[in-house]
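# Commentary on secondary and tertiary structure
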Amino acid sequence: MMADVQIISAVQPLEDTVLVSRHGGVVAERARWQGQDVFVKTLESRDIATARRFEHEGAVASRLNHPQLAALLARSPTQLLFSWIEGCTLRERVEQGPLAVPEALRITAGVLRGLCELHMYGITHQDLKPENVIVAASRPEAAAVRLIDFGMSHARDLPLDIHRGTRMGTPHFMAPEQFRGLRGEPRSDLYSAGVLLFDCLAGHPPYEDAMGWLAGLHDQRAPLPGPGALHPLMLASLQREPQDRPESAQAMLGWLSQVAGSLGVDLDAHGDPTPNS
Ligand SMILES: Nc1ncnc2c1ncn2[C@@H]1O[C@H](COP(=O)(O)OP(=O)(O)O)[C@@H](O)[C@H]1O
Ligand SMILES: [Mg+2]
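Not measured: the values here are computed from a predicted model.

### Focus on the site of ligand 1
- Close to ligand 1 lie 16 residues; Phe39, Phe82, Ile85, Ile148 and Asp149 are nearest.
- Listing elements by their share of the shell around ligand 1, those giving two or more residues are strand S2 (15-23) and strand S6 (79-83).
- Taken together, the residues that form the shell around ligand 1 break down as nine nonpolar, five polar and two charged.
- Built from parts of two domains, the shell around ligand 1 gets at least three residues from each of domain 1 (12-83) and domain 2 (87-262).

### Describing the sheet that holds strand S4 (residues 36-43)
- Here six strands make up an open sheet; going across it, the order is S1-S5-S6-S4-S3-S2 and the pairing mixed. With partners counted over all chains shown, the strands left at the sheet margins are strand S1 (6-7) and S2, one partner each.
- As judged from the six bridges shared by S2 and strand S3 (residues 26-33), these two strands associate in the antiparallel manner. Bridging from a neighbouring strand, Ser21 pairs with Ala28 of S3.

### So, the domain arrangement of the protein chain
- Considered domain by domain, the protein chain is made up of domain 1 (12-83) and domain 2 (87-262).
- Distance between the C-alpha centres of domain 1 and domain 2: 24 Å.
- Each residue belonging to the side of domain 1 that touches domain 2 can be placed in one class, and the counts come to six nonpolar, four polar and four charged.

### Considerations on the packing of helix H3 (residues 101-120) against helix H5 (residues 186-202)
- At their nearest, the axes of H3 and H5 sit 9 Å apart, and the two run at 165° to each other. As the angle between them shows, H3 and H5 are arranged roughly antiparallel. The interaxial crossing formed by H3 with H5 has right-handed handedness. Along the contact surface, H3 presents Val101, Ala104, Ile107, Thr108, Val111, Leu112, Leu115 and His119, while H5 presents Pro186, Asp189, Ala193, Leu196, Leu197, Cys200 and Leu201.
- Split by residue class, the contact of H3 with H5 holds 12 nonpolar, two polar and one charged.

What counts and how
- Residues numbered from 1 in each chain as written.
- Chains lettered and ligands numbered in written order.
- Predicted model: local features only at pLDDT ≥ 70, side-chain atom pairs only at ≥ 80, totals over all residues.
- Near = placed C-beta within 6 Å.
- Helix = DSSP H or I, 4+ residues; strand = E, 2+ residues; numbered from the N terminus.
- Nonpolar A, V, L, I, M, F, W, Y, C, P; charged D, E, K, R; others polar.
- Domains from an automatic or database assignment.
- Pairing = 2+ DSSP bridges.
- Axes fitted to C-alpha atoms, helices over the stretch in contact; angles between N-to-C directions.
- Parallel < 35°, antiparallel > 145°, perpendicular 65-115°, else oblique.
- Left-handed = near helix turned anticlockwise from the far one by under 90°.
- Contact = placed C-beta atoms within 7 Å.

Here it is, written out as structure tokens:
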């Protein structure tokens, strides 16, 4: 499982850098490093809490070595260098319109495979949303999924519990218990995976007023998209209480595979090369 991550002490010289984003005291860039394309996060802030979160993100990422999870190449207290993933985020994909059922199922299968691996090692992602899923340009589709961004993750055996209150983004993909402050529940990630599946098929997440739903004020969910055979699984993953959801990523993946089979969808097929068709 442990990746072969270089521990670096000196700031790494980067070439051809292109800014990707800059927020929360961290700069993200695309660059060339040691002859390869990399995605680099550099800590700029001197704030101690920010530095500890950065350290935590590196510590979690350095444990991961799986085809569906972003690969960390090297880390220092101020730099994280990941393999560059050529492709587009699921956000960019869904913005072009709802996905076809086979694609949505394959992408969800890829997400669940990544979660199986994370959860097996006592790590919960906790910030699963379309911006944090990259669908690489490679095929087949399920195998092209990469989960990224372990900045909010929780690891059973790491001391730090992250509450990145300053950047609580969209509430749409967050499970109700996370909203209440609970961390480290693997089934929170299953809720988010269910929302991802819904979002892929409908082109929008289930609750227009997600805050109201999270706070327990209403249950006004949009109609379930996609074929009826998928609805029991989707509904189960969207349950308010973690114990009412599938019991594990493995169980949810098994269920998804069964439904895919009943719909005649091969989860490991190559899909259509043109996006959203
Ligand atoms: N390994 C990677 N290869 C290519 N693009 C990436 C990679 N990691 C992240 N990105 C892009 O950069 C964005 C920000 O990265 P992320 O790790 O999610 O940081 P944050 O959300 O904390 O800013 C992602 O949404 C994605 O578009
Ligand atoms: Mg992100």
